[in-house]
Every structure is written in structure tokens, then in C-alpha cells.
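# Per-entry structural report
So you can see what is in the structure, the chains are spelled out below.
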Amino acid sequence: MTEPLIAQRGTGLLRVFNDAGVLSAADVHVAERLRKLGGETAEHVTFAAALAVRAVRSGSVCLDVRRMREVTVEEATEEELAALPWPDADEVVAALRVSPLVLGGGTGPLRPLRMVDTDEGELLYLDRYFVQEQTIRRVLDTRAQDAPSLDVDLLARGLDEYFRAPGGGPSQAPDRQRIAAALAVSRWTTVVAGGPGTGKTHTVARVLALVSAQFDRPPRIGLAAPTGKAAARLQEAVDDQAPALGLPDGMKAMTLHRLLGWQRGGTRFRYNPANRLPFDVVVVDETSMVSLTMMCRLLEAMRPDARLILVGDPDQLTSVDAGAVLADLVARPVRGGDDAVLRRVVGADLEATSDPDEAALGRSELQRLRGGVVRLSRGRRFGGAIARLAVAVRDGRDDDVMALLRADDPTVSLCAPEDLAELHSDVVDASVAVTAAADAGDALAALSGLEAHRLLCAHREGPFGVQRWALQAQEWVAQAQGRRLDPDSWYPGQPLLVTANDHELRVYNGDAGVIVARPDGSLAAAFPRGDDALLLHPSQLSEVQTVYAMTIHRSQGSQYDTVSVVLPEEGASLLTRELLYTAITRARRHVRIIGTEESVRAGVRRQVLRASGLRREVRPFPAS
Ligand SMILES: Nc1ncnc2c1ncn2[C@@H]1O[C@H](COP(=O)(O)OP(=O)(O)OP(=O)(O)O)[C@@H](O)[C@H]1O
């Protein structure tokens, strides 16, 4: 009886994979608890349960059992991971198929693990995420069964008015922005995907104008984003565009938590299936950072007759701590049939052949449109090379990536790891400008100076990690300024990063700020808020770091003029296509990659596995 327990504690898989950094203590703890509660004795099941907990932490919704080996671990190389004693997938699946944790015990309702069969192998879920995924699927399918009633002529006229060529007349077909707008007006649910600067916000502002025209009264519009920072950016963008487009007054962007009525200390949102959100249209920006759980809460709270427009970049890294859902929605199997309204209002775009700026729509793209998904592809902000580099990385074309990096284009460059002169001067120049503004008490100039350059790393620790590089950058800055920068006290020009939300102070996880001098000689921490700066006494901030370098994960949702990216060695399992793409797309004017050709190629080739049932046809096991 006791043998399996001893085996698990002593030499078991949980211990080995915990030691190797694949499983965290929390993964092991949850798996152990499930084993005890469910009376499970098979080690393979507990191991798979721990991996399922881990999967949720790393951007997946569930464990793709057949591909359990495809993990990325901060401390481990691919070789080290491959050398671990992975159990045989067939044996794991066989154990799961007879496990009381999956089948449900005879003695009670406990059924903490769920398995589904798919054509590409079995998926293992923690019950909670299984239920959430089912809810998302059900709500989306229900919402896709009908469509808003429309004045189609009015929509067609509006599209002509808002999507114009520079010289007048409708813009050249194909225009994916016009297609996106038509889709978002004519569907209950639309996903508008696209990289930075492809005009997502530009398009959404026009969608709001087109939808408003369909109403006799101003529609109630909810604008939300997963983080406070992203909500503030959305607000700015809408404020910019509202007067020219005649958008309804007083639209306020807020965090998704706030939109749903999160209450401090409460366990439920004010808006839920029994008390739906009061909006006619809800727009969510930066949806790539929305977790499965929040997406489930949002969809449940939507009125069936309200439009939902989900906007974001599905190629970015997902949020680290919970299954993120945008990329899954983009890749979902499509059921809808041909769309007569769309053919009528943007038929020319659907059928157009390629023009110099925009390629014709491919078959799979047309198919996705039927599922309410449109992907904007033409970069409108930064020209050529950064956008081309990002797309080549996204598509896994490492030869093209190298050719672009070697093409002597001033906006993209590759530096050898020992070739740090340019990095040094960017770090120093940016900090000199920020410090001068901060000393002069010019908070806005200091804040905008922070966006001139950002040093990014994949890892937190080690020779390629943030800790080491932040120290290096701080030393360069101190040398250049001829003074010691005391990490334990505040000084003008000190760049800050908030690491936890503080709703009372109105500062949010990910907010970047800077210490500035005030006229009375005291110091304040400044944070950007639209055209203003929020000034706080530094001692009010409890969760804040000095930030001379940050992880690529942390940089999501922000952009900088120049971005320098320190790549780890080629074997690092963390170095993936999504990571590189995210880093590159943070840059507005110049991206500098610091690493070897081998690292770049390895990163472009390696993909993060994001397991999710939403992308597949699933058959619950056991069949009910
Ligand atoms: N059709 C268009 N015609 C002219 N300018 C455009 C068009 N679409 C977008 N732009 C401009 O391109 C820039 C980028 O657009 P926008 O901010 O909407 O992109 P985005 O996809 O929302 O970017 P991000 O993800 O970085 O927020 C803006 O200055 C916008 O005004």
C-alpha cells in the first residue's frame, strides 16, 4: 500500500521534474492534494495533473498530453529538458483513462481532472478551466447563430465615407480595415487582430461611428482593456478620434475588472449571467493579455444582443499566469456559412487581387472571416524593416530574418554579444535626457524620455538576464553622470516600474514612471496619465522597482523608439518565436538585437506550445 507513496516522495517524477525547474512547488502541491483527495495511486496521473497545473501557468488552457515534453523553462536548455525521464505518453493516457480523478469517484462528486479526445491527441484539463472553456464555446456559438439587424445601405455609405484613399474616393481594395469594420458592425462578435500600428484603434473608432449610425439614440458603449495602462491608452486614442468622427460624448475606457464591476473583497463581479452588462457595444483592447477566466466572465455577462469587438495581437506572448484566449479565438474551427451582408458591402475587397500595399485575401483568411475573425496586416506606423522583420519572425522564416538583420537598414540591426558600444551610448543618452528633465522638474519631458530606449532580456537571472543587464546599464549611467546611484534611495531621473496594482493610488502593475524634482526641492514619482503626469510621493509606492532593463514579458503593451534585446544562448528553451516577435514589435524606430546568428535562428524556429481545446473539435471523455 505505501510503496507508491514512498516512490513519489523519494524518487518520483514530481521530485525530479520539480528539481529540474519544470514543475514549481505549487504544481507539485496541487497534484499531491488531488492524489490524496481522489485516492489516486498511479504516478503517471499525478504527474500529468502537475503538468496540467503548470500548463495553465504558462499560457495554455490544458495539457496536450501527447506533447507534454514541449515545455519552456527559464533555467533549462532544450538538451537538459530532453534528458529528463519523461514517461511514455501512451502509458500516461492509459492511466488517465481509468483514473478516478478523470472519471469521477464512486463516492462523491469530486472530478478534478477532465479529459477530451481530439483528432490530434488527448487534452487534460483542470476542471475549472474545462468548464470555462465550455462556457466560452457555448456563448460564442450561441452569439454566432444570428446577427444584428442592419440598415445595410447606411453601412455601405458609412464605409465609403470612412475608408477613403488619400486623393478621395474609396480606398484601394483589398482594404482589411474596411472589411474589419463591416464585420464588426454586422456581427455580434468580432475579433480584430493585427500587429502594432496596423490600424486596429483607427478601425475601431470608425466601427463605433458606423454602429452609432445604426441606432436612433446614442448607443451605450463600454471600452475596456486588461490593464490600467492599456485602458488609459485606449482612452487617449478614442479622445483623439471622437470629435472628427462624431462619436458619442463621455466614453470612458476602464480595466476589464472595472467594467465587470469587480468589488474589493468580493468574490463575484457585479455584472454576470444574472445581471448583464448594460452596453450595446463592448470593445476590449489588448485582448492578448486577457486570461481564459476573464474572457469567460466577460462573455457570460454580455447581453446576447450587444456587439462585442475583441482587439489585439494574437502573435504576442500570452499573459504568463493564465491561459490566454485571443490566439485560440483566431485559430478556432469555423462553422459559419457565406455572409451575404459582407459580400454586399465589401465584396470588392473580398475578391480583389493583390495591390502593392496589401495582398489579396487567401482562402483560410476568407474562411476565418466567416467565423468573425479579421487580421489587419498592413503596417501603417513604422515603415518597412521593423514590420517585415516582425512578420518574418512570426512566420518562422529564419533566412529572411537574417537577411533583414544583415541588410544595413538603419532601423534593424544585429550586434554581436561583445559589441556593446551602441547599446552603451543609447543607454547613457536616454538617461542623460531623462535626468536633465527630471532635475528641471519637467515630469512630462522626463516621462517621454523614458520611451526613447528600452533594454529587454528574455531571462530574469543569469548572464543574459535582467538583473545582470540592469546593473550594467546602471553602472554606465552612473559613470556617465559621475555619481553613485544609490539603489536604496530616490534620485531624479530614476526610472521606475510598478509591479502590483494599487487602485487607491491609481497606479497599476506595469506602469513605468520616473522620479522628478519639485520646485520645493522634494522628489516625486511621476506616471503618465494622458497629457498629464500623476505625481505621487515616492514613499506612497509599495510595489515599485528601479528599472534599467526589463523582461520581454513585462514590456508587453508598451512601445519605445529604440529597443535593444539581449538574446540568450541558442539552447535556451525560453528563447522562442513569440518572445522575439514581442520584443521586436515594441520598437517604433529601431530594434537592435544583441546575440549570435545561431540564437536568432533558434529563437525563430522554436515555438511556444499553447494547448487549448478551442482550436480543435473536441469529444469529452468519457463520452456522455
Ligand atoms: N487607414 C489609415 N489611413 C491613414 N492613417 C492610418 C490608417 N490606419 C491607421 N493609420 C494611422 O497609423 C497609426 C497606427 O494606427 P493605430 O494606432 O490605429 O494602430 P494600432 O494597430 O491600434 O496600433 P497599436 O497596437 O500599437 O496600438 C496611427 O497614427 C493612425 O492614425
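The protein goes by RecBCD enzyme subunit RecD in an unreviewed UniProt entry, where it is assigned to Rhodococcus triatomae. The annotation that UniProt attaches to the protein under Sequence similarities (unreviewed entry) is "Belongs to the RecD family." In UniProt, the protein has this text filed under Subunit (unreviewed entry): "Heterotrimer of RecB, RecC and RecD. All subunits contribute to DNA-binding."

### Concerning the overall build of the protein
Along its length, the protein carries 24 helices and 20 strands. Relative to its length of 624 residues, the protein is compact, with a C-alpha radius of gyration of 25 Å against a globular reference of 25 Å. Here the protein holds 624 residues, and 48% of them are scored as buried.

### Examining the site of the ligand
Contacts to the ligand come from Gln177, Gly194, Pro196, Gly197, Thr198, Gly199, Lys200, Thr201, His202, Arg380 and Arg381. Here the element with the most residues in the shell around the ligand is helix α11 (residues 200-213); it accounts for three residues. Of the residues assigned to the shell around the ligand, the class counts are one nonpolar, seven polar and three charged.

### Concerning the nonpolar core
One finds Ala48, Ala52, Cys62, Leu63, Leu124, Val192 and Val282 to be the most contacted residues of the largest nonpolar core, which totals 111 residues. The two domains that each donate at least three residues to this core are domain 1 (12-129) and domain 2 (146-225 + 268-376). When near neighbours in sequence (up to four residues on either side) are disregarded, Leu63 contacts Ala48, Leu51, Ala52, Ala55, Met68, Leu123, Leu124 and Ala611. The next biggest cluster of nonpolar side chains, apart from the first, holds 72 residues, and it includes Cys457, Phe527, Ala587 and Ile593.

### Observations regarding the pairing of strand β11 (residues 453-457)
The buried fraction of β11 amounts to five of the five residues, a majority that puts the element mostly inside the structure. Where burial is concerned, the two faces of β11 agree: the one with His453, Leu455 and Cys457 and the one with Arg454 and Leu456 are both buried. Bridge count between β11 and strand β18 (residues 560-566): five bridges; the pairing is parallel. Considered in β18, the bridge of Leu455 is made with Ser564. As defined by bridge partners, β11 adjoins strand β17 (residues 550-551) across two bridges and the pair is classed as parallel. Bridge assignment links Leu456 to a residue of β17, and that residue is Met550.

### Observations concerning the confidence of the model for the protein
Averaged over every residue, the pLDDT of the protein is 90; the share at 70 or more is 95%. Mean pLDDT values over the elements of the protein span from 38, in helix α1 (residues 3-10), up to 98, in β11. This stretch, residues 1-10, has a pLDDT under 50; its non-local contacts, to residues over four places away or in other chains, come to seven contacts. Among the scores for the predicted complex, ipTM is 0.98 and pTM is 0.86.

### Considering the domain arrangement of the protein
The domain boundaries assigned to the protein delineate domain 1 (12-129), domain 2 (146-225 + 268-376) and domain 3 (416-566). With centres defined by C-alpha atoms, the gap from domain 2 to domain 3 works out at 36 Å. Considering only residue class, the side of domain 2 that touches domain 3 consists of four nonpolar, one polar and one charged.

### A few points about the packing of helix α4 (residues 43-57) against helix α6 (residues 89-97)
Relative to each other, α4 and α6 sit at 100°, their axes nearing to 8 Å. With respect to their mutual orientation, α4 and α6 come out roughly perpendicular. Across from His44, Val45 and Ala48 in α4, the residues of α6 making contact are Glu91, Val92, Ala95 and Leu96. Considering only residue class, the contact of α4 with α6 consists of five nonpolar, one polar and one charged.

### So, the sheet that holds strand β2 (residues 113-117)
Taken together, the four strands give an open sheet; going across it, the order is β1-β3-β2-β20, and neighbouring strands pair in antiparallel fashion. One side of each edge strand has no neighbouring strand; the edge strands of this open sheet are β1 (63-64) and β20 (619-621). As paired strands, β2 and strand β3 (residues 123-126) are joined by four bridges and run antiparallel to one another. Residue pairing for β3: Leu113 is matched across the bridge by Leu126. Of the strands in this sheet, β2 and β3 are in contact with helix α8 (residues 127-143), which crosses β3 at around 105°.

### Describing the environment of Asp117
Of note, Asp117 is situated in strand β2. Classification of Asp117 by C-beta neighbours within 10 Å gives partly exposed; the count is 18. Spatially, the C-alpha atoms of Asp117 and Glu475 are 55 Å apart, while their sequence positions differ by 358 residues. If sequence neighbours within four positions are ignored, Asp117 has contacts with Glu122, Arg619 and Phe621.

Reading the values: the criteria
Residues numbered from 1 in each chain as written. Predicted model: local features only at pLDDT ≥ 70, side-chain atom pairs only at ≥ 80, totals over all residues. UniProt positions renumbered as here; feature names shortened; annotations may be inferred. Helix = DSSP H or I, 4+ residues; strand = E, 2+ residues; numbered from the N terminus. Rg over C-alpha atoms; globule rule 2.2 N^0.38 Å. Buried ≥ 20, exposed ≤ 12 C-beta atoms within 10 Å, placed from the backbone. Near = placed C-beta within 6 Å. Nonpolar A, V, L, I, M, F, W, Y, C, P; charged D, E, K, R; others polar. Core = buried A, V, L, I, M, F, W, Y, C linked by C-beta atoms within 7 Å. Domains from an automatic or database assignment. Contact = placed C-beta atoms within 7 Å. Pairing = 2+ DSSP bridges. pLDDT = per-residue confidence, 0-100. Axes fitted to C-alpha atoms, helices over the stretch in contact; angles between N-to-C directions. Parallel < 35°, antiparallel > 145°, perpendicular 65-115°, else oblique.

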